[in-house]
Amino acid sequence: MVTARRTTRAERMAAPLARQVVKDLAAEHGACLRPVQLRRTEIDTGHVEQVLIPCGHTLASVCPSCAERARILRAAQCREGWHLDQEPVIDPDPATEEQRDLITDRAEAQEARDLLASAGLDVGELNQRIGDMDEEITDSGLRGNVLPARPRRHRSTRRRQDAAPLPRRPVNARTVGKTYATPDGKTFRPSLFVTLTCPSYGRVGEDGAPADPDTYDYTRAARDALHFAALFDRFIQNLRRFTGYDLQYFAAIEPQRRLAPHIHLAIRGTISRQELREVIAATYHQIWWPATQAVTYDGGHLPVWDQHTSTYLDPDTGEVLPDWDQALDAIGDWDDPRHVARFGARFDAQGVLAGSRDASRCIGYLTKYLTKHLGDCHQAATDSQADHAARLADALRYEPCSPTCANWLRYGIQPRNARPGLRPGACKGKAHRREYLGYAGRRVLVSRKWSGKTLADHRADRRTWLTCTLGLPATDPARYTWEPVKPGDPDHMPNGQRLLHVVADRIQWQTALDLARRRAAETDLPATGSAA
Ligand SMILES: [Zn+2]
Ligand SMILES: [Zn+2]
């Protein structure tokens, strides 16, 4: 029997909290900290089982175990595609009977709709029906839409005079790099690791804070961050035309100490530094958005929403503000683009060989920060760093992030898809939030023919490897129905209980995996006298 010892308050406070130890153990063993409970019913027998599945979050601050697993998966994806020496096979599955039927129905509805429209009759009902059909088509697992979402606008695409001309070659379908042979007959296929940066906005110190914050170009820094993904697209397009093949990449976007985004890319195949320099210098992305030099509405003096016409009006005159399309049409050929984004002249490129130490190190760089928000990668340790972050956030506050941004109202323009309740400086777009540093796009950008697999395929590979290693029977997903268990349900487990389960499962599972690995290693050993 255990007798309770008298303890002081300080002693009690020093004892670890039981719940925290469960969490720590879960993290230590790579178990999800927020497992989701599902009820699995075997269709034939009606047998019900509780299954806990990982939350799958990619941020370590939310679930370190799931975030780490996601990072490792990305590293595997990066490794698998980087040095491919054969073209990846990407053949879409043939459409199912159901999908073909849906498309046939959709075609008939379109014809009927267009017929009514040409006769000047009401097409509201058919439009509604077509909208529903498009949703069904997506739900059936088909990629893309049968029609583009909205007609593309034709806009002036004058090349700026200061852009270096690039030779253009027709892009052929090849995606693997060239093979080089040494005089003694060895062949090798080098690939490339490249880092592209934003231009300078003013001199910065070792800690990333500007030498002179007052002359640092925060507006430019904010706009470059907002349009960074589009600039990168343009770069890849130029690079493909320049090299003449369907160049593939795995890229990760990260912040520098000065809080500007930069991009690391693994490129399959190789390009000379001189060629890269030329393409970087010639790459730019123009943003043809309305000008925002003059602030029209500010503070309490803001446009008002008119619910009858669903438009924003001038608060004094009641005049309807120009809408997004009108504002775009007002941009003339003689106007300059609102912003031209370019990369900085500084870049880094190194050749990397398959399976080398360098390759692993680069994959480490590419995936290092993926489990953190951009804004959390470099924590401000000094006042000048904190001040720098605050100034950048200020610059991003009123910078329009997209055609639908509430900030357009500040400049007297109704954003696209205007709705009530929009307030300049309070746009919900992620780009304005501190943790995004102006870049709200995806952190990992992978070209379609990188490994020839989707992330889900890579995940399935891992699962297959596991079930094989552990010698588990393959389960047929069609044998079960799944449903989420909700808090009010009698079989619902509170999070603490779920955590205990996943910790126990995980430890069991790791022991089994270790054992399987050891066995595999033993059978791989050359037979010795003692082996049975
Ligand atoms: Zn998780
Ligand atoms: Zn916005």
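Look up: the structure comes first, before these words.
Residues numbered from 1 in each chain as written. Chains lettered and ligands numbered in written order. Predicted model: local features only at pLDDT ≥ 70, side-chain atom pairs only at ≥ 80, totals over all residues. Heavy atoms only, no water.

S.K.: Whenever I open this one, the overall build of the chain confuses me. Can you help?
M.R.: Secondary structure summary: the chain contains 13 helices and 14 strands in total. With the C-alpha coordinates of the chain rotated into their principal frame, the extents come out at 90 × 75 × 70 Å. In the chain, which comprises 532 residues, the proportion classed as buried is 38%. Partitioning the contacts of the chain with sequence separation of at least 6, the portion at a separation of at least 24 is 75%. (Helix = DSSP H or I, 4+ residues; strand = E, 2+ residues; numbered from the N terminus. Buried < 20%, exposed > 50% of the residue type's maximum accessible area, 1.4 Å probe, protein only. Contact = heavy atoms within 4.5 Å.)

S.K.: Sorry, what's going on with a negative patch on the surface here?
M.R.: On the surface, a cluster of negative charge is made up of Glu97, Glu98, Asp101, Asp105, Glu108, Glu111, Asp132, Glu135, Glu136 and Asp139. Of all the secondary structure elements, the ones that give two or more residues to the negative patch are helix H4 (97-118) and helix H5 (124-139). Examining the composition of the negative patch, we find that six residues originate from one element, H4, more than from any other. Within the fold, Asp101 resides in helix H4. Residue classification places Asp101 among the partly exposed positions, given a relative accessible area of 41%. (Patch = residues over 30% accessible without salt bridge, like charges linked within 9 Å, V, L, I, M, F, W, Y side chains within 5 Å. Areas by Shrake-Rupley, 256 points an atom, 1.4 Å probe, with all protein chains shown as cover. Salt bridge = Lys/Arg side-chain N within 4 Å of Asp/Glu carboxyl O. Lys, Arg positive; Asp, Glu negative; His and termini not counted. Charge placed at Lys NZ, Arg CZ, Asp CG, Glu CD.)

S.K.: Is there a simple way to think about the coordination of the zinc ion (ligand 2) in this case?
M.R.: Summarising the metal site, the zinc ion (ligand 2) is bound by the protein donors Cys401 (SG), Cys405 (SG), Cys427 (SG) and His432 (NE2), whose distances to it range over 2.1 to 2.3 Å. Geometry at the zinc ion (ligand 2) is tetrahedral, judged from the four donor atoms that bind it and their angles of 102 to 116° at the metal. Counting residues between consecutive donors of the zinc ion (ligand 2) along the chain gives the motif C-x3-C-x21-C-x4-H. No difference in accessibility class separates Cys401 from Cys405, as the two residues are buried. (Donors = N, O, S within 2.8 Å, 3.2 Å for Na, K, Ca; no water. Tetrahedral: all angles 85-135°; square planar, octahedral: opposite > 155°, others 65-115°.)

S.K.: What is the right way to read the pairing of strand S1 (residues 36-42) from this model?
M.R.: Where a strand is regular, its side chains alternate between the two sheet faces. With six of seven residues buried, S1 is to be regarded as a mostly interior element. Between S1 and strand S2 (residues 48-53), which pair antiparallel in sequence order, lie five residues; one of them, Gly46, sits at a positive phi of approximately 75°. (Pairing = 2+ DSSP bridges.)

S.K.: Where do I start with the packing of helix H6 (residues 218-226) against helix H11 (residues 383-397) in this structure?
M.R.: Two packed helices can be described by the angle between their axes and the distance between those axes. Close contact between H6 and H11 brings their axes to 9 Å; oriented N to C, the two are set at 70°. Here H6 lies roughly perpendicular to H11, going by the angle between them. Helix-helix and strand crossings are classified by hand; for H6 and H11 the assignment is right-handed. Residue-level contacts link Tyr218, Ala221, Ala222 and Leu226 of H6 to His388, Arg391, Leu392, Ala395 and Leu396 of H11. Taken together, the residues of the contact of H6 with H11 sort by class into seven nonpolar, one polar and one charged. (Axes fitted to C-alpha atoms, helices over the stretch in contact; angles between N-to-C directions. Parallel < 35°, antiparallel > 145°, perpendicular 65-115°, else oblique. Left-handed = near helix turned anticlockwise from the far one by under 90°. Nonpolar A, V, L, I, M, F, W, Y, C, P; charged D, E, K, R; others polar.)

S.K.: Explain the pattern of salt bridges here, please?
M.R.: Where charged atoms from two side chains of opposite charge come close, those side chains can pair. Tallying each qualifying case throughout the model produces 19 salt bridges. A salt bridge links Lys449 to Asp246; the nearest nitrogen and oxygen atoms lie 3.2 Å apart. Here Lys449, found in the loop between strand S13 (444-446) and helix H12 (455-470), pairs with Asp246, found in the loop between helix H7 (228-243) and strand S6 (249-255); they are 203 residues apart in sequence, far enough to count as distant. A salt bridge links Arg410 to Asp298, with the shortest nitrogen-to-oxygen separation between them at 3.0 Å. Of this pair, Arg410 sits in the loop between H11 and S13 while Asp298 is found in the loop between strand S8 (285-287) and strand S9 (304-306), placing the two residues 112 residues apart along the sequence. In this structure Arg410 comes out as buried when scored by relative accessible area, which is 11%. A relative accessible area of 42% places Asp298 in the partly exposed class. Here the residues in one salt-bridge network are Arg39, Glu483, Asp489 and Asp491, joined through shared partners.

S.K.: Quick question: what am I supposed to make of the sheet that holds strand S5 (residues 191-196) here?
M.R.: The strands making up a sheet associate through backbone hydrogen bonding, with each pair oriented either parallel or antiparallel. The antiparallel open sheet is built from five strands, whose spatial order is S12-S5-S7-S6-S13. Two strands lie at the open edges of the sheet, namely strand S12 (347-352) and S13, each paired on one side alone. Strand-to-strand twist of the sheet, defined as the mean angle between neighbouring strand axes without regard to direction, takes the value 15°. As judged from the seven bridges shared by S6 and strand S7 (residues 261-267), these two strands associate in the antiparallel manner. When the bridges of S7 are listed, Pro255 appears paired with Pro261.

S.K.: How should I be thinking about the packing of helix H3 (residues 64-82) against helix H10 (residues 357-367) in this particular structure?
M.R.: Put simply, H3 and H10 touch, their axes get as near as 10 Å, and they point 135° apart. The angle between H3 and H10 falls in the class oblique. For the element pair H3 and H10, the recorded crossing hand is right-handed. Along its contact with H3, which presents Arg71, Arg74, Ala75, Cys78, Arg79 and Trp82, the element H10 presents Ala359, Cys362, Ile363, Leu366 and Thr367.

S.K.: Just to check I follow, could you spell out unusual backbone geometry for this structure?
M.R.: When glycine is set aside, most residues are seen to have a negative phi, and most peptide bonds are trans. The phi angle at Ser310 is positive, at roughly 55°, despite the residue not being glycine. The residue Ser310 is located in the loop between S9 and strand S10 (311-313) in this model. Positive phi, normally seen in glycine, also occurs at Asn417, with a value near 55°. Within the secondary structure, Asn417 is located in the loop between H11 and S13.

S.K.: What is the right way to look at the sheet that holds strand S14 (residues 480-484) in this model?
M.R.: The antiparallel open sheet is built from three strands, whose spatial order is S2-S1-S14. Only two strands of the sheet have a single partner each, and these edge strands are S2 and S14. For this sheet, the mean inter-axis angle between neighbouring strands, taken without regard to orientation, is 30°. Here S1 pairs with S14 via five bridges, running antiparallel. Looking at the pairing, Glu42 lines up with Tyr480 of S14.

S.K.: Hey, could you run me through H6 in this one?
M.R.: For the α-helix, the turn length of 3.6 residues means that residues three or four positions removed from each other point alike. Of all nine residues that make up H6, seven are buried, and the element is covered over most of its length. Within H6 the residues assigned to the buried category are Tyr218, Ala221, Ala222, Arg223, Asp224, Ala225 and Leu226. Where the residues of H6 are buried, they touch H7, S7, strand S11 (339-341) and H11.

S.K.: What's the story with the packing of aromatic side chains in this structure? I'm lost.
M.R.: As enumerated under the stated definition, the model contains 14 aromatic pairs in all. Their ring planes at 45° and their centres at 6.1 Å tell us that Phe250 and Trp450 sit as a pair that is tilted. Placement of Phe250 in strand S6 and of Trp450 in the loop between S13 and H12 is noted, with a sequence separation of 200 residues between them. We classify Phe250 as buried; its relative accessible area is 0%. Chaining the aromatic ring pairs together yields one cluster made of Phe228, Phe232, Phe235, Tyr249, Phe343 and Tyr439. (Phe/Tyr/Trp six-rings, centres within 6.5 Å; stacked < 30°, edge-to-face > 60°.)

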